[in-house]
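# Breakdown of the fold
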Amino acid sequence: MLRVAPHCGETNTMTRRRFLSATGTVACLASTGRAGTSAALSTDVRGANDRIGVGLIGCGGRGNSLMASLLKLQQTGTPVEIVAVCDVYRPRLDKAAKQYNAKSYMRHQDLLVDKRVDAVCIATPDHHHAPQLLDAAEAGKDAYCEKPLSHWSQFDLTKRAVQAVRKRERIVQVGTQCMSDSAWHQAAERVKAGDIGKPIHAECGYFRVGDWGERGMPIDDANARPGKDLLWDVFLGDRPKRPFDVSRFFRWRMYEDYSGGPVTDLYPHVLTPVVNVLGVGMPGVAVATGGKFRYQEREVPDTFNMILDYPEQLSIAVLGTQGNDYPPNEKRRDGLPTPVFRGWEGTVAIEGGELVILPNSGSKKSAKRVPIQHGSSQERYWTNFLECCRTRRRPWGHLELAYRVQTALQMAMLAFRNGRTARFDAANERIVL
Ligand SMILES: NC(=O)c1ccc[n+]([C@@H]2O[C@H](COP(=O)([O-])OP(=O)(O)OC[C@H]3O[C@@H](n4cnc5c(N)ncnc54)[C@H](O)[C@@H]3O)[C@@H](O)[C@H]2O)c1
């Protein structure tokens, strides 16, 4: 591996690109039609044939699905290897270690000192993402970190993780795989080129029927108990110290201590492309409504509506429920209703495989239809992450973008729970209720 000298200090010798990245502007500027490219950022450049060793943290449903994508890439010649796995539950850990022929650890700190691990894949419950990302960055590892970037109550921890990643110049891709869809980079280009005039409003949503993501999570063993093969205290992490509960352990998405319901579980998928297309920074204000309107056997809401106002003088509305699944599939992209971006002079929407740019009445601009170059794929998203680990370029679902999205989602959740308007204090980088 070729190690090049790190860039000079973050503050006084910041380049324009790095300044833009710190202020969150680069996502828009770096976007190109083909799902984005950007200049090399940092250290640890690797050759195209250097193998990247991946350590999986969290061997549950998502972790195994991501490893299946990695194995597919490996079979088609990508130099990547699953070298280590970690889980607090021994049966899942042993199964994964055997399946991937990987070294096993029950604590992520032990996996992080394994020198064969170049990058980690964090697929644990939400409340572990920020602390594990922070530890990974400090251990000098790159990271593919599942969405959401953190639990809704962990703003300070999220900020610390982001600071650690910046300081150690790590490559981080957050698990919003829809960012491998060129639509969101092409739409960003059109908005940046002025096709709709100054953006003023966007709406997006997430609608599906069912609580299978929460109450439907599998309970592998109803008689499981804490001990050397199930580390309950490690599972709890910084959460309230509650007695063991088999449902909390296996079906953690039902509980507020570990999850936020649709706002943090599902909305990263719809808000991330919107924030990327509009190129906005942190929201100024968030309000939210919702509740348990259909599924009562859970703590987290099933219906959640949020509105964000930005200092850039635009609003984003995100609506959704788990009690209805209109529109039908043919009107969706990646299984999700498509967003609408409105500007002073026109609108960008998606119809079938095209971006449609429609002028406002009275505008001198003309209508356009732009074919979308390609859709999203989990393998393409991982390929982008691995390439960025080699080249030190900014990946499509990069951390600065995810930080802005996560802050908006956390503000909405705090607004909802407190029945207040949440505001972002940009000068002190904190959420105020
Ligand atoms: N991007 C997507 O489309 C997508 C889809 C599904 C899930 N996810 C995300 O992936 C994450 C995992 O979801 P899941 O459905 O796989 O959950 P899961 O419960 O099936 O898997 C989580 C695993 O983490 C283990 N674990 C818990 N605490 C740990 C710790 N401190 N260290 C190591 N292992 C620990 C658990 O034992 C479990 O095996 C969630 O944050 C979720 O939001 C993303």
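Owing to the predicted nature of the structure, the values given are computational and were not obtained by experimental measurement. (Residues numbered from 1 in each chain as written. Predicted model: local features only at pLDDT ≥ 70, side-chain atom pairs only at ≥ 80, totals over all residues. Heavy atoms only, no water.)

## A word on helix α12 (residues 267-278)
In a regular helix each residue adds 1.5 Å, so 12 residues correspond to 16 Å; α12 covers 16 Å between its end C-alpha atoms and thus fits that length. Of the residues flanking the end of α12, it is G279, one or two places downstream, whose phi is positive at about 65 degrees. (Helix = DSSP H or I, 4+ residues; strand = E, 2+ residues; numbered from the N terminus. Expected span 1.5 Å × (residues − 1).)

## As for the site of the ligand
Inspection of the region around the ligand gives 31 residues, with R62, D87, D126, Q177 and W252 positioned closest. In the model, an oxygen atom of the ligand is placed 3.0 Å from a nitrogen or oxygen of the H129 side chain. In the environment of the ligand, an oxygen atom lies 2.9 Å from a nitrogen or oxygen atom belonging to the side chain of R253. Here the residues of the shell around the ligand are counted per class, giving 13 nonpolar, 10 polar and 8 charged. (Near = heavy atom within 4 Å. Polar contact = N/O pair within 3.5 Å; in protein donor to acceptor, adjacent residues only side chain to side chain. Nonpolar A, V, L, I, M, F, W, Y, C, P; charged D, E, K, R; others polar.)

## Here we look at the packing of helix α7 (residues 155-168) against helix α14 (residues 399-418)
Close contact between α7 and α14 brings their axes to 11 Å; oriented N to C, the two are set at 175 degrees. In this view, α7 runs roughly antiparallel relative to α14, as classed from their interaxial angle. For the pair α7 and α14, contact is made by F155, T158, K159, V162, V165 and R166 and by L399, E400, Y403, Q406, T407 and Q410, respectively. Residues of the contact of α7 with α14, tallied by class, amount to 5 nonpolar, 4 polar and 3 charged. (Axes fitted to C-alpha atoms, helices over the stretch in contact; angles between N-to-C directions. Parallel < 35°, antiparallel > 145°, perpendicular 65-115°, else oblique. Contact = heavy atoms within 4.5 Å.)

## Quick look at the domain arrangement of the chain
According to the domain assignment, the chain contains domain 1 (16-179 + 380-400) and domain 2 (182-213 + 259-373 + 407-432). Placing the centre of domain 1 and that of domain 2 at their C-alpha centroids yields a distance of 25 Å. Facing the 26 residues of domain 1 at the interface are 30 residues of domain 2. Three residues, W152, F155 and M179, lead the burial of domain 1 against domain 2; their summed loss comes to 32% of the area buried on that side. Our enumeration of links across domain 1 and domain 2 arrives at 1 salt bridge. Residue D265 is joined to K147 by a salt bridge in which the shortest nitrogen-to-oxygen separation is 3.0 Å. Counting the contacts that link domain 1 with domain 2 gives 9 residue pairs in polar contact (both at pLDDT 80 or more). Listed by contribution, the elements that provide at least two residues to the side of domain 1 that touches domain 2 are α2 (26-30) and α7. (Domains from an automatic or database assignment. Buried area = accessible area lost by both parts, 1.4 Å probe. Salt bridge = Lys/Arg side-chain N within 4 Å of Asp/Glu carboxyl O.)

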